[in-house]
Amino acid sequence: MKKVVIFASGSGSNAENLIQLHHNKFYTVEAIFCNNEFAGVIERANRLKIPLKLFKRNEWNEVITSIKELNPDLIILAGFLWKIPSDFISSFNRIINIHPSLLPKFGGKGMYGINVHQAVIDNQEKESGITIHLVNEHYDEGEVLFQAAIKIAKGETPESLANKIHELEYQYFPEIILKEIENEK
Ligand code: GRF
């Protein structure tokens, strides 16, 4: 069975979806790494019986060591908010992120969560969507693997848009992860 690890900083609803749909079927989620002691993903990990590893900014070396021991086929960022250090990126083969906009639009520093959807609405965009991409040393700039778009409705709010985007994420992220993992040598 293939192995993955997930990084998450917040609610962790995507992490839970990836676990509920595929854990112990197509891959095992060996651990969730989290940088925020107040994150909702902690409760989810406990409930789903996935080891949760909380770490601080000065502990990236320990994180690298522990992931090398786990030896995952894929590393998944599902709402992880820190920039990934270059040592980490060069240590592992493929790292995948999901971003709640149609990159390159509305990416980069500060563009996370509701800020993204607020910016989309403020800019009077006609559509928004999700981007699943490989991670490199620049925020939100790695190779794009997949995008899906939706139209912005009349009277759309950042919150209503966030809900629609989450639905897209739940639909497509697990699918793309499976494709990636099957291609993994
Ligand atoms: C998602 O919208 C994802 O695109 C972004 O962060 C959000 C995480 O949501 N990177 P959740 O923690 O999975 O609920």
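Residues numbered from 1 in each chain as written. Predicted model: local features only at pLDDT ≥ 70, side-chain atom pairs only at ≥ 80, totals over all residues. Heavy atoms only, no water.

Asker: How do you make sense of the site of the ligand when you look at a structure like this?
Answerer: Near the ligand the following residues occur: Ser-11, Gly-12, Ser-13, Asn-14, Gly-79, Ile-98, His-99, Pro-100, His-166 and Glu-169. With respect to the ligand, the backbone of Ser-11 contributes an N or O atom lying 3.5 Å from an oxygen atom. Ser-13 places a side-chain nitrogen or oxygen 2.5 Å from an oxygen atom of the ligand. For the ligand, the protein covers 86% of the area, taking 370 Å² as the surface of the free molecule. Taken together, the elements giving at least two residues each to the shell around the ligand come down to helix 1 (13–22), strand 5 (95–99) and helix 6 (158–183). For the shell around the ligand, a count of residues per class yields 2 nonpolar, 7 polar and 1 charged. (Near = heavy atom within 4 Å. Polar contact = N/O pair within 3.5 Å; in protein donor to acceptor, adjacent residues only side chain to side chain. Areas by Shrake-Rupley, 256 points an atom, 1.4 Å probe, with all protein chains shown as cover. Helix = DSSP H or I, 4+ residues; strand = E, 2+ residues; numbered from the N terminus. Nonpolar A, V, L, I, M, F, W, Y, C, P; charged D, E, K, R; others polar.)

Asker: Would you explain the pattern of salt bridges in this entry?
Answerer: Side-chain pairing between opposite charges can occur once the charged atoms of the two side chains come close. Overall, the coordinates contain 6 salt bridges when judged by the stated rule. When the shortest N-O distance is used, the salt bridge between Arg-44 and Glu-16 registers 2.8 Å. With Arg-44 in helix 2 (residues 41–48) and Glu-16 in helix 1, this residue pair connects regions lying 28 residues apart in the sequence. When salt bridges with common partners are traced through the structure, they connect Glu-16, Glu-43, Arg-44 and Arg-47 into a single cluster. (Salt bridge = Lys/Arg side-chain N within 4 Å of Asp/Glu carboxyl O.)

Asker: Just checking my understanding: could you explain the sheet that holds strand 3 (residues 52–54) for this structure?
Answerer: Where strands meet in a sheet, backbone hydrogen bonds hold them as pairs that are either parallel or antiparallel. Pairing is mixed in the open sheet, where 7 strands are placed in the order 3-2-1-4-5-6-7. Looking at which strands have only one partner, the edges of the open sheet turn out to be strand 3 and strand 7 (144–151). Ignoring which end each strand starts from, the neighbouring axes of this sheet average 20° apart. Pairing of strand 6 (residues 127–134) with strand 7 involves 7 bridges; the strand directions are antiparallel. The partner of Ser-128 across the bridge, within strand 7, is Ile-150. Where helix 6 meets the sheet, it contacts strand 1 (2–8), strand 2 (27–34), strand 4 (74–77), strand 5, strand 6 and strand 7, and its direction lies at approximately 30° from that of strand 6. (Pairing = 2+ DSSP bridges. Axes fitted to C-alpha atoms, helices over the stretch in contact; angles between N-to-C directions. Contact = heavy atoms within 4.5 Å.)

Asker: Got a minute to help me understand the pairing of strand 1 in this structure?
Answerer: Looking along a regular strand, one sees side chains alternate from face to face of the sheet. The element strand 1 is largely enclosed, with a buried count of 5 among its 7 residues. Here strand 1 runs beside strand 2; their pairing, made up of 7 bridges, is parallel. In the sheet register, Val-4 faces strand 2, and the bridge partner there is Val-29. The parallel pair strand 1 and strand 2 is bridged by helix 1, and the resulting crossover is right-handed. (Buried < 20%, exposed > 50% of the residue type's maximum accessible area, 1.4 Å probe, protein only. Right-handed = clockwise from strand over helix to strand, strands pointing away.)

Asker: Could you clarify how one ought to interpret the nonpolar core in this entry?
Answerer: Nonpolar side chains in soluble globular proteins tend to end up buried together. Of all hydrophobic cores here, the largest spans 38 residues; its most connected members are Ile-6 and Phe-173. Membership of the second largest hydrophobic core comes to 20 residues, among which are Phe-7, Trp-60, Leu-77 and Phe-92. (Core = buried A, V, L, I, M, F, W, Y, C linked by side-chain atoms within 4.5 Å.)

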